[in-house]
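For reference, the chains in residue letters:
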Amino acid sequence: MACGDPNPKVAGKGLKYLEDMGVEVETGVCEEEALKLNERFFTWITKRRPFITLKYAMTLDGKIATSTNDSKWITGEEARTYAHRLRKQHDAVLVGIGTVLADDPELTTRMVQGKNPIRIVLDEKLRVNIMNAVLNPAAPTIIICGLDADEEKAALFSVLPNVEIVRLPFVAGKINIKTVIDELISREITSLLVEGGSSVLGAFKDAGFADRVCAFIAPKVLGGKESLTAIGGEGCELMQDAWELQDIEYKQMGQDMLITGLVKQEERPFIDGDV
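Just so it is clear, the structure is predicted and the values come from calculations on it, not from any experiment.

A. Focus on the overall build of the chain. Looking only at helices and strands, the chain has eight helices and 13 strands in total. Taken over C-alpha atoms, the radius of gyration comes to 20 Å for the chain, in line with the 19 Å a tight globule of 275 residues would show. For the chain, the spread of C-alpha atoms along the three principal axes comes to 65 × 45 × 40 Å. Residues counted as buried form 45% of the 275 residues belonging to the chain. Taking contacts inside the chain between residues at least 6 apart in sequence as the whole, the part at least 24 apart equals 69%. One way to put it: in the chain the 32 positive side-chain charges average out to a point 3 Å from where the 42 negative ones average out.

Here is the structure:
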């Protein structure tokens, strides 16, 4: 066996049964691979919070869209297919209303076989349009809006199949990411893929909420100081405060490159489950 199951309901019982029956059991076989394969489930069991992946596609100069918000397509089909595979691996996928209005994503796994994630949209003023693809019934959609969002529009969306409106407090147009995570925990959402644009990714970065980063890099140079960078927010004042990744992997995706790794534990303030 590779590793034990951290779930206290079953931990060690299978191993003990086999040993009691006189079966010799060797542990630690491909343990590192097994821990990675089960990183989302193990985090939920041991930390009682969702495993969070930040995912984005950018050019060589770190841009995710032009100054006019054009972003289709940064990467090729192979990278985009892999991104759909990431959706399949997570319980939920989250974006901001800016991404919905600019790109009209469906946020499903249509390029691969597998379940669709729960779709979560951060939309303080309920600016989402009833015709946006994220509201189609292909998967459940949770729209997180502000406490003072339009009541009539909320009622209209609430009658759509597979759409739910959740009101949480926004302050100066921003939402406390911890509040969002608490909502996910209450719904037993064990893993979250954050595909939001620059501001949403920056909010998660500033709040320290991320376990893994998946950065798809295209061999393109966009330029322009008004072009959107991958991760916005406040950022770091000093280079020494930048997040560092560990257990890094490099994967060729057609002409593109995927760099992925875990955020070092000391740089994740919620690593012990205190969210």
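B. Quick peek at the pattern of salt bridges. Taken as a whole, this structure holds 13 salt bridges when the rule is applied. Ionic pairing is found between Glu151 and Arg167, a salt bridge with its closest N-O pair at 3.4 Å. Taken together, the positions of Glu151 in helix α6 (residues 151-158) and Arg167 in strand β6 (residues 163-167) put the pair 16 residues apart, joining distant regions of the chain. Look at Arg167 and you get partly exposed, because its relative accessible area is 26%. In this structure, Arg187 and Glu183 form a salt bridge, with 2.8 Å as the shortest nitrogen-oxygen distance. Relative accessible area serves as the criterion here: at 29%, Arg187 is assigned to the partly exposed category.

C. Just the side chain of Thr260, in detail. With respect to the helices and strands, the residue Thr260 is situated in strand β13 (residues 256-263). Look at Thr260 and you get buried, because its relative accessible area is 5%. Here the side chain of Thr260 touches Arg212 through a polar contact of 2.9 Å, side chain to side chain. Discounting chain neighbours no more than four positions away, the residues touching Thr260 are Arg212, Val213, Cys214, Asp247, Ile248 and Glu249.

D. Expanded view of the side chain of Ser198. Note that Ser198 resides in helix α8 (residues 198-207). A relative accessible area of 11% places Ser198 in the buried class. Polar contacts involving the side chain of Ser198 include one to the main-chain carbonyl oxygen of Thr229, which spans 3.0 Å. Among all residues touching Ser198, those that are not within four sequence positions of it are Ile64, Thr229, Ala230, Ile231 and Gly232.

E. Molecular detail of the sheet that holds β13. Pairing in this open sheet of nine strands is mixed, and the strands run β6-β5-β4-β3-β9-β1-β10-β13-β12 from one edge to the other. The outermost strands of the open sheet, each flanked by one partner alone, are β6 and β12 (245-253). The mean inter-strand angle of the sheet, taken between neighbouring strand axes irrespective of direction, is 20°. Where β12 lies against β13, seven bridges are found, and the strand directions are antiparallel. If you follow Glu249 over to β13, its bridge partner there is Thr260. Sheet contacts for α6: β5 (141-145) and β6; angle to β6, the most-contacted strand, approximately 145°.

The rules behind the values
Residues numbered from 1 in each chain as written. Predicted model: local features only at pLDDT ≥ 70, side-chain atom pairs only at ≥ 80, totals over all residues. Heavy atoms only, no water. Helix = DSSP H or I, 4+ residues; strand = E, 2+ residues; numbered from the N terminus. Rg over C-alpha atoms; globule rule 2.2 N^0.38 Å. Buried < 20%, exposed > 50% of the residue type's maximum accessible area, 1.4 Å probe, protein only. Contact = heavy atoms within 4.5 Å. Lys, Arg positive; Asp, Glu negative; His and termini not counted. Charge placed at Lys NZ, Arg CZ, Asp CG, Glu CD. Salt bridge = Lys/Arg side-chain N within 4 Å of Asp/Glu carboxyl O. Polar contact = N/O pair within 3.5 Å; in protein donor to acceptor, adjacent residues only side chain to side chain. Pairing = 2+ DSSP bridges. Axes fitted to C-alpha atoms, helices over the stretch in contact; angles between N-to-C directions.

Scope: geometric values only; no functional claims are made or implied.
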